[in-house]
Amino acid sequence: MSNPDQQAAWRSRAAYVRSTMHAMRYRVFAAAGVIVVAAVAFQAVNRCLPNETAEVLADSSVPLSAVALSGCDVSGGVDAQALSAKTKTTAVCANYTVSVDMYRTTQLQSFAVQGWQAVPYTVSYASSDDAICTVDNAGLVSGVNAGSAIVTATATDADGNTASAACTVCVNSALPPLESITLNRQSVKLRMGGTGSNLSVSCAPEEYQASMPAAAFSSSDESICTVDETGHITAVAAGEATVTAAVGSLTADCAVTVLDTQTVNEGGINLLNFDHSMIAAIGNQTSGKCSWYALRYARTILDGQICSGAGMWGNGVIWSAGGYTDYSSDLSSCLSEMYNELNAGRPVIVHLQNTYVGDGGKHANRTSTYEYWEGSSGWSQVNYPHIATSAYYGHWVCVVGYRADADPANLQESDFYALDPARCTDGSSIAVTNLLNGTIWVGNSPLKIAG
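Residues numbered from 1 in each chain as written. Predicted model: local features only at pLDDT ≥ 70, side-chain atom pairs only at ≥ 80, totals over all residues. Heavy atoms only, no water.

1. Let's talk about the packing of aromatic side chains
And step 1. Counted according to the given criterion, the structure contains 5 aromatic pairs.
And step 2. Seen from their ring centres, W292 and Y293 are 5.4 Å apart, and the 90° between their planes marks the pair as edge-to-face.
And step 3. Assessed through its relative accessible area of 7%, Y293 is described here as buried.
And step 4. Across from the ring centre of Y293, 5.2 Å away, lies the NZ or CZ of R296, which sits over that ring. (Phe/Tyr/Trp six-rings, centres within 6.5 Å; stacked < 30°, edge-to-face > 60°. Buried < 20%, exposed > 50% of the residue type's maximum accessible area, 1.4 Å probe, protein only. Lys NZ or Arg CZ within 6 Å of the ring centre and 35° of its normal.)

2. Focus on the pairing of strand β24 (residues 348-353)
And step 1. In terms of burial, β24 is largely enclosed, as 6 of its 6 residues are buried.
And step 2. Summarising the sheet, β24 and strand β27 (residues 394-403) pair through 6 bridges and their orientation is antiparallel. Looking across to β27, one finds that V348 is bridged to V399.
And step 3. Relative to strand β30 (residues 447-450), β24 is paired through 2 bridges, and the arrangement is antiparallel. Bridge assignment links I349 to a residue of β30, and that residue is K448. (Helix = DSSP H or I, 4+ residues; strand = E, 2+ residues; numbered from the N terminus. Pairing = 2+ DSSP bridges.)

3. Focus on the environment of Q353
And step 1. Tracing the backbone shows Q353 in strand β24.
And step 2. Sequence separation of Q353 and G394 is 41 residues, and the distance between their C-alpha atoms is 4.7 Å.

4. Things to note about the sheet that holds strand β18 (residues 232-235)
And step 1. Spatial ordering of the open sheet is given by β14-β18-β17, a layout of 3 strands whose pairing is antiparallel. The sheet terminates laterally at β14 (197-198) and β17 (225-227), the two strands that pair on one side only.
And step 2. Pairing between β14 and β18: 2 bridges, direction antiparallel. Across the sheet, residue S197 finds its bridge partner in β18, namely I233.

5. Digging into the side chain of S127
And step 1. Its place among the elements puts S127 in strand β7 (residues 121-127).
And step 2. Polar side-chain contacts of S127 include one of 2.8 Å to the backbone oxygen of C133.
And step 3. What S127 contacts, discounting residues up to four positions off in sequence, is C133, T134, V135, A149, I150 and V151. (Polar contact = N/O pair within 3.5 Å; in protein donor to acceptor, adjacent residues only side chain to side chain. Contact = heavy atoms within 4.5 Å.)

6. What to know about helix α4 (residues 331-343)
Residue pairs three or four apart in sequence face the same way in an α-helix, which turns once every 3.6 residues.
And step 1. The end-to-end C-alpha distance of α4 is 19 Å, a good match for the 18 Å that 13 residues give at a rise of 1.5 Å each.
And step 2. Every buried residue of α4 is listed here: C334, L335, E337, M338, Y339, E341 and L342.
And step 3. Looking at the residues trailing α4, positive phi occurs at G345, about 90°. (Expected span 1.5 Å × (residues − 1).)

7. Focus on unusual backbone geometry
And step 1. Here the amide bond leading from A204 into P205 is cis, since omega sits at 0°, within 30 degrees of zero.
And step 2. As for its placement among the helices and strands, P205 is situated in the loop between β15 (201-204) and β16 (216-219).

8. Considering the confidence of the model for the chain
And step 1. A residue-level look at the chain finds 67% of positions with pLDDT of 70 or above and a mean pLDDT of 73.
And step 2. Under a pLDDT of 50 for its full length, residues 22-66 has, in the predicted model, 65 contacts with residues more than four places off or in other chains.
And step 3. Here residues 355-367 scores under 50 on pLDDT; set against residues more than four positions off or in separate chains, the count is 37 contacts. (pLDDT = per-residue confidence, 0-100.)

9. What about the sheet that holds strand β19 (residues 239-247)?
And step 1. If you trace the 4 strands from one edge of the open sheet to the other, you get β13-β20-β19-β16, paired in mixed fashion. One side of each edge strand has no neighbouring strand; the edge strands of this open sheet are β13 (187-190) and β16. The sheet shows a mean angle of 25° between the axes of neighbouring strands, taken without regard to direction.
And step 2. Where β19 lies against strand β20 (residues 250-258), 9 bridges are found, and the strand directions are antiparallel. (Axes fitted to C-alpha atoms, helices over the stretch in contact; angles between N-to-C directions.)

10. Remarks on the pattern of salt bridges
And step 1. Counted according to the given criterion, the structure contains 5 salt bridges.
And step 2. Taking the shortest distance from any N to any O, the salt bridge between R299 and D303 comes out at 3.0 Å. Of this pair, R299 and D303 both sit in helix α3 (residues 290-303), 4 residues apart, which is roughly one turn of that helix. The pair R299 / D303 is uniform in exposure class, with both members buried.
And step 3. We note a salt bridge from E341 to R346, for which the minimum N-O separation is 3.0 Å.
And step 4. Residue classification places E341 among the buried residues on the basis of a relative accessible area of 8%.
And step 5. Salt bridges here are not isolated pairs; linked through shared partners, they connect R403, D405 and D415. (Salt bridge = Lys/Arg side-chain N within 4 Å of Asp/Glu carboxyl O.)

11. A word on the nonpolar core
And step 1. Core analysis: the biggest nonpolar cluster contains 52 residues, and M338, F416 and L419 have the highest contact counts within it.
And step 2. Elements with a minimum of two residues in this core: β22 (269-272), α2 (276-282), α3, α4, β24, β27, β28 (416-419) and β30.
And step 3. With 9 residues, α3 is the single largest residue contributor to this core.
And step 4. For L419, the residues in contact, after removing those within four places along its chain, are F274, I279, Y297, I301, V397, C398, V400, C424, I430, A431 and V432.
And step 5. If you look at the next biggest cluster of nonpolar residues, it comprises 43 residues, including I132, A174, V243 and V247. (Core = buried A, V, L, I, M, F, W, Y, C linked by side-chain atoms within 4.5 Å.)

12. Some points on the pairing of strand β11 (residues 162-172)
And step 1. Sheet analysis places strand β10 (residues 147-157) next to β11, joined by 10 bridges and oriented antiparallel. Bridged to I150 within β11 is T168.
And step 2. As consecutive antiparallel partners, β10 and β11 are separated by 4 residues, and within that stretch G160 has a phi angle of approximately 90°, a positive value.

13. Thoughts on α3
And step 1. Relative to the 20 Å expected for 14 residues at 1.5 Å per residue, α3 spans 20 Å between its end C-alpha atoms, a close match to the ideal helical length.
And step 2. Of all 14 residues that make up α3, 14 are buried, and the element is covered over most of its length.
And step 3. Positive phi appears at G304, one or two residues downstream of α3, with a value of about 75°.

14. Here's the deal with the state of the cysteines
And step 1. Under the criterion given, the structure shown has 0 disulfides.
And step 2. Take C133: it sits in no disulfide, and the sulfur closest to it among the cysteines is that of C167, at 8.4 Å.
And step 3. Note on C133: relative accessible area 0%, which makes it buried. (Disulfide = S-S within 2.5 Å.)

Here is the structure:
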């Protein structure tokens, strides 16, 4: 072994052995890598397996390799050769199919991302054809019309890397199909400054109501009014337009009128142009709720639909919940503000003093006034005897008109007319009550105006 040539030969053989062992070890590791990658592909394809039988990769550094949807049947596989152990840029998609009846829904139950276990990501969904099926942000698919479309789910991580899974949705014809759809309103009157009107859709047969896909709303003239995806109509300019709701091939219409004349002359009163039947449907106040009823009248006039008052009553009233704010000043300024608001098409809620009030004021002649009742032959004036009381008492009314011959430079309280929650309607027709001079409670933030 001391011969230099022999030593060199032995060193050469040792190097060869070490090289051979390294090569064998590399091939073993490479084979293990293929097994791991294959496991990723297997798991992506077999998402319908119970969680305990699906392999979970503990190494969160393994890059994104595939995504899959569950709740569907697998109709395609994953190309394992396309999986990369070094990049996130290649996404391999598993293909699925699912069927749903028209007007019914099916839920894509989950979204599995392999190799991104420790990385936060967001998921978005899209349908290739909303006329066939729609999908919401949670993966709920709704059948619209018979046919097929592709729903794609896409995962995006914080670095902008994405991967997608496709699901073919087959929509079956419903038996029986929807016969018709109807809107809760067939006509709407709106005025500028109102919050608009809300439409809702019902269908026949009624059993499809819960699963009926959302209607698509459109306006025939968006320069007159617009409508959003929920059916909320907004006035843009005076005129007439038609709002249409569509569910599949079925449609329903609502005629929309945006008023250009804010007041109409009714028997010598410039009265706000509103739907009297809506006010009559609200009715008169119950004990202690004059403020709530006055607010409901005002919102009904502004919005063109009956205000239920839900969420507005809080041991008195929550004015902000109805979109109204305080206005307080001297009597002359309050009367001018009322006049201007009415001419802009907005009713004003006013606080009146009856007999005695908290600040010691008292109206000397709070015994009678005049009302105008609407009847089949027009408006008629009657005397209204007020109920006298010695208790501290204030009262809210909704001012909706003023005398046509009122002088804007010299306004009086008796120039104005209101829907009085205590006297508003007899169940069919309505009355407007003439205010008495000296009744506005100026020391108590007397006006509530539309915000």
